[in-house]
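Listed below, chain by chain, are the residues.
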Amino acid sequence: MMSEEAGQMLVVYDDPSDQRSLSLDDTSSTEESPDETRLSLETPNDVIPYIGQRFATHDEGYEFYSEFAKRCGFSIRRHRTEGKDGVGKGLTRRYFVCHRAGNTPVKTSNENKPQRNRKSSRCGCQAYMRISKVTELGAPEWRVTGFDNHHNHELLEPNQVRFLPAYRTISDTDKSRILMFAKTGISVQQMMRLMELEKCVEPGYLPFTEKDVRNLLQSFRKLDPEDESVDLLRMCRNIKEKDPNFKFEYTLDSDNRLENIAWSYASSIQSYEIFGDAVVFDTTHRLTAFDLPLGIWVGMNNYGMPCFFGCVISREENSRSLSWALKAFLGFMNGKAPQTILTDQNLCLKDAIAKEMPSTKHALCIWMIVAKFPSWFNAVLGERYNEWKAEFYRLYNLESIEDFELGWRDMVNIFGLLTNRHIANLHALRNLWALPYLRSHFFAGMTAAGLSKSINAFIQRFLSAQTRLAHFVEQVAVAVDFKDQAAEQQTMQQNLQNISLKTGAPMESHAATVLTPYAFSKLQEQLVLAAHYASFQLDDGFHVRHHTKHVGGRKVYWDPREGIISCSCNQFEFSGILCRHALRVLSTGNCFQIPERYLPMRWRRINTSSAKLLHSSNDHGERIQLLQNMVSSLITESAKSKERLDIATEQVSILLSRIRDQPVPPQVIRDFTSIYRKL
């Protein structure tokens, strides 16, 4: 802000640079120049400013000139104010100029501060309108006393002028709408499309741009981190009040500032009870708006879809913070550690898992490794990159450790990677990512590279539109609810699909009634392959190999009396699905149903929401009602075919016998009778 006195006149410039770059005074033109005035549109005379035109206030004059400018193809800004007693008191004259008026002054360079060399739109345009305050008969008004419409630049077309900053505005209603969208985790581009549909405007015709929306969201992020932390804790406490099963833990540093915070929702804890045998702990993401490390625990349900278990935000990622995160997670899950955990290649995380989850098998996520391949090998291998990548996947999926080691040695020599440090590092860690070393551990199919797409899509849903840190907990909750609803719909679609039996074997039809379509498709693949294998009985088991081969094969052990079968390929231990070798032996041994223990509960056609409620509910009457619903579903499914009805009748008879063998206290009998009469 600069001012200078001219007699008793005080002059104030809205933009200090205008004092040096513009020269507008009382001698400026007070008439239009009809020959040189350039208007971009055929403008009616009643909307063109003219000398003597009157306005009740100077703001009214500004709005009129702004509308005129928009129709012509430019925008305006306030240039300077003149008055005797200062701005807002004794105003006597106001100048409004073209947005390209003046020239940007050269900035003094500062070696310690980086300069942004942004091109200025100012070009010294002299177009302006001056209004002066006149008081006659006690009623003050503002009159146009100067107007010049000469422009030394091209004027914009109507479809271009709306992109000028002066005409891009976000109303309070639209701001609220944008923030609501941001909480749901949708992208800025999706927000724009939704608002275009809501306002019935063509794409690109909203009164603001994607950049404006991003700037708006960014403005909400530029807050005091300490205030953000306080709000985040308050949000977690509010959620806890509404849902006692919501769990969160946090730590404060010596200055009482938030250091770590982790949380899990009630539905996530219930999902973990059933599907927490194999977990991915993804620590590769950051909350970019706040530059904070983010860790996410996810798993896979019985329909092959990702399920969310928990989240952690830390100020720093180190062994101490990661150990705390794992300890908090185990606390949420009542101390139940997963059988296996998949992570990124992180030495701090490796040490933390060994300390907090000593009985859990730690492995590296193959898709997190593969994501780094382009930067590691593209330049090194050039045109042979895709060929090498195909060979890597072949080695990765091998069953035999011996075949892997021989193949790896050949691959290194063929592609000239003997001295490559990334190849050396991968080989040193091969027992943490190569499947031949991991097949004796359960991974629920999460070693498949294709799973990364669905998991990343889920994670990006709440990373794409971060607003306030406190809102992030809500954004994750919305994303989890959305994922749960989508999973329910996909589950229904899978269940409604007619399953095609390919072998006609009784084992196949039996498994189809027990397993989910996802799990059954995996078993069915093995059943089809089993028909191509021959089995030879040995003293201590069976030798099974492909009928076209005379060497190799797998060793299968089967005890029909105990119902125990195992194979040296470890397919069941790895995926929970019996292999073709074991299925071949069962078929040869006249086994018409897969033993119960080899149809794991985590892959069965259970209604997960009912199962969760049944396990979590403490109300006896509620559990009876849930059981009645399950029995109703059993009858409906069993009635669809004679085979299903036979299986149901047989299994229910066995179940009833087991239940009747259980003792029942007299008091419980009386309570049960009372509750049952109320139902």
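Residues numbered from 1 in each chain as written. Predicted model: local features only at pLDDT ≥ 70, side-chain atom pairs only at ≥ 80, totals over all residues. Heavy atoms only, no water.

With an unreviewed UniProt entry as reference, the protein is termed Protein FAR1-RELATED SEQUENCE, source organism Salix suchowensis. Under the Subcellular location (unreviewed entry) heading, UniProt states for the protein: "Nucleus". (UniProt positions renumbered as here; feature names shortened; annotations may be inferred.)

1. So, the environment of Lys 502
By the secondary structure assignment, Lys 502 is in the loop between helix 17 (469-496) and helix 18 (506-514). For Lys 502, a relative accessible area of 60% puts it in the exposed group. When the C-alpha positions of Lys 502 and Glu 525 are compared, they lie 9.4 Å apart, and in sequence the two are 23 residues distant. Not counting residues within four places of it along the chain, the set of residues in contact with Lys 502 comprises Glu 508, Gln 524 and Val 528. (Helix = DSSP H or I, 4+ residues; strand = E, 2+ residues; numbered from the N terminus. Buried < 20%, exposed > 50% of the residue type's maximum accessible area, 1.4 Å probe, protein only. Contact = heavy atoms within 4.5 Å.)

2. Side note on the sheet that holds strand 18 (residues 564-567)
Pairing is antiparallel in the open sheet, where 4 strands are placed in the order 15-16-17-18. The sheet terminates laterally at strand 15 (533-538) and strand 18, the two strands that pair on one side only. Each neighbouring strand pair of the sheet contributes to a mean axis angle of 25°, computed without reference to strand direction. Judged from the 4 bridges that link them, strand 17 (residues 554-559) and strand 18 form a sheet pairing that is antiparallel. Residue pairing for strand 18: Asp 559 is matched across the bridge by Ile 564. (Pairing = 2+ DSSP bridges. Axes fitted to C-alpha atoms, helices over the stretch in contact; angles between N-to-C directions.)

3. Description of the packing of aromatic side chains
For any pair of aromatic rings, geometry is given as the distance between the ring centres together with the angle between the planes. For the structure on display, the rule yields 35 aromatic pairs. Measuring from centroid to centroid gives 6.0 Å for Phe 68 and Phe 147, while their planes differ by 75°, and the two rings are edge-to-face. Taken together, the residues Phe 68 in helix 2 (residues 58-72) and Phe 147 in strand 7 (residues 139-148) connect sequence positions 79 residues apart. Ring geometry for Phe 404 versus Tyr 437: centroids 5.9 Å apart, planes at 90°, classification edge-to-face. Of this pair, Phe 404 sits in helix 14 (residues 401-414) while Tyr 437 sits in the loop between helix 15 (421-428) and helix 16 (451-463), placing them 33 residues apart in sequence. In textbook terms, an aromatic cluster arises when at least three aromatic residues are bridged by ring pairs, as seen for Phe 373, Trp 376, Phe 377, Tyr 385, Trp 388, Phe 392, Tyr 393, Tyr 396, Phe 404, Trp 408, Trp 433 and Tyr 437. The residue whose ring lies beneath Arg 78 is Tyr 62, and the NZ or CZ to ring-centre distance is 3.8 Å. Sitting over the ring of Phe 574, Arg 439 keeps its end group 5.4 Å from the ring centre. (Phe/Tyr/Trp six-rings, centres within 6.5 Å; stacked < 30°, edge-to-face > 60°. Lys NZ or Arg CZ within 6 Å of the ring centre and 35° of its normal.)

4. Structural notes on the UniProt feature "domain: SWIM-type" (unreviewed entry) in the protein
UniProt records the feature "domain: SWIM-type" (unreviewed entry) for residues 554-590 in the present numbering. Across residues 554-590 one finds 38% helix and 27% strand; the C-alpha atoms that close the span lie 20 Å apart.

5. Digging into the pairing of strand 8 (residues 247-252)
Alignment of strand 8 against strand 9 (residues 258-264), held across 6 bridges, turns out to be antiparallel. Paired with Leu 252 across the bridge in strand 9 is Leu 258. Hairpin connection between strand 8 and strand 9: a loop of 5 residues separates the two successive antiparallel strands, and Asn 256 in this loop has a positive phi of roughly 65°.

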